[in-house]
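Residue-level structure breakdown
Below, each chain spelled out in residue letters.
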Amino acid sequence: MRSAILLLVLLAGCSASETTTPTADAATDTGAAVAETSADTGAADTGRPDPWDGGPPSAECVTHCACMKENCAKYSRHPYKTDKECTDHCGTFTAPEYKCWFYFCGEAKTATSNNEHWCEHAWGTWGLEECPK
């Protein structure tokens, strides 16, 4: 008996929502929810493309990640398991981060010592603290 009553209540609720037309307020609320979701991603705030948009990585990120793979992948703290992880991360860099971290990857390539430290800079561990001016 309870099952039959529950079924009737559910059916009544479904049919009522199917015949109700959306109001202007409902459309406004939906728009606000979409705007909030977009803001949460950070893509709108940075002006940079979202690295998860499915497009190819930039030539700069391909170059940076090739340098990282060649010179820094051998270190235990290297953060990237795949090329895609590196290019996705690189796609979020600001211009100062890219300039600084690409510089440090070059240092890791040419240095005769302390290469792991240069690589830590190149993958962003130390932020922009010691970037060349």
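As a reminder, the structure under discussion sits directly above these lines.
Structural notes, computed from the coordinates. Throughout, residues of each chain are indexed from 1 in the direction in which the sequence is written. Since the coordinates come from a predicted model, pLDDT governs what is reported: local features require at least 70, and pairs of side-chain atoms require 80 or more to be given and counted, while whole-chain, interface and lining totals use all residues. Note that the side-chain values use all heavy atoms of the structure and ignore hydrogens as well as water.

A few points about the packing of aromatic side chains
Quick note on the threshold: Ring pairs shown here join Phe, Tyr and Trp side chains whose ring centres sit within 6.5 Å, with only the six-membered ring taken for Trp; geometry is labelled stacked below 30 degrees between planes, edge-to-face above 60, and tilted in between. Exposure classes here rest on a 1.4 Å probe applied to the protein chains alone. A residue is buried below 20% of its type maximum, exposed above 50%, and partly exposed in between.
One pass over the structure, following the stated rule, counts four aromatic pairs. When the ring of Tyr103 is compared with that of Phe104, the centres are 5.1 Å apart and the planes differ by 70°; the resulting orientation is edge-to-face. Classification of Tyr103 by relative accessible area gives partly exposed; the value is 35%. Overall, the relative accessible area of 2% leaves Phe104 in the buried class.

Some remarks on the state of the cysteines
To be explicit about the condition: Whenever a pair of cysteine sulfur atoms sits within 2.5 Å, that pair is classed as a disulfide. Secondary structure elements follow DSSP: runs of H or I of four or more residues count as helices, runs of E of two or more count as strands, with numbering from the N terminus.
Scanning all chains against the criterion turns up five disulfides. At a sulfur-sulfur separation of 2.1 Å, the disulfide partner of Cys67 is Cys105. Between Cys67 and Cys105, the disulfide has an S-S torsion of -115° and is therefore left-handed. Of this pair, Cys67 sits in helix H4 (residues 59-72) while Cys105 sits in helix H6 (residues 95-110), and the two are 38 residues apart along the sequence. Take Cys67 and Cys105: they sit in the same class, and that class is buried. Cysteines bonded in the protein are numbered consecutively along the chain; their disulfide partners then correspond to 1-6, 2-5, 3-8, 4-9, 7-10.

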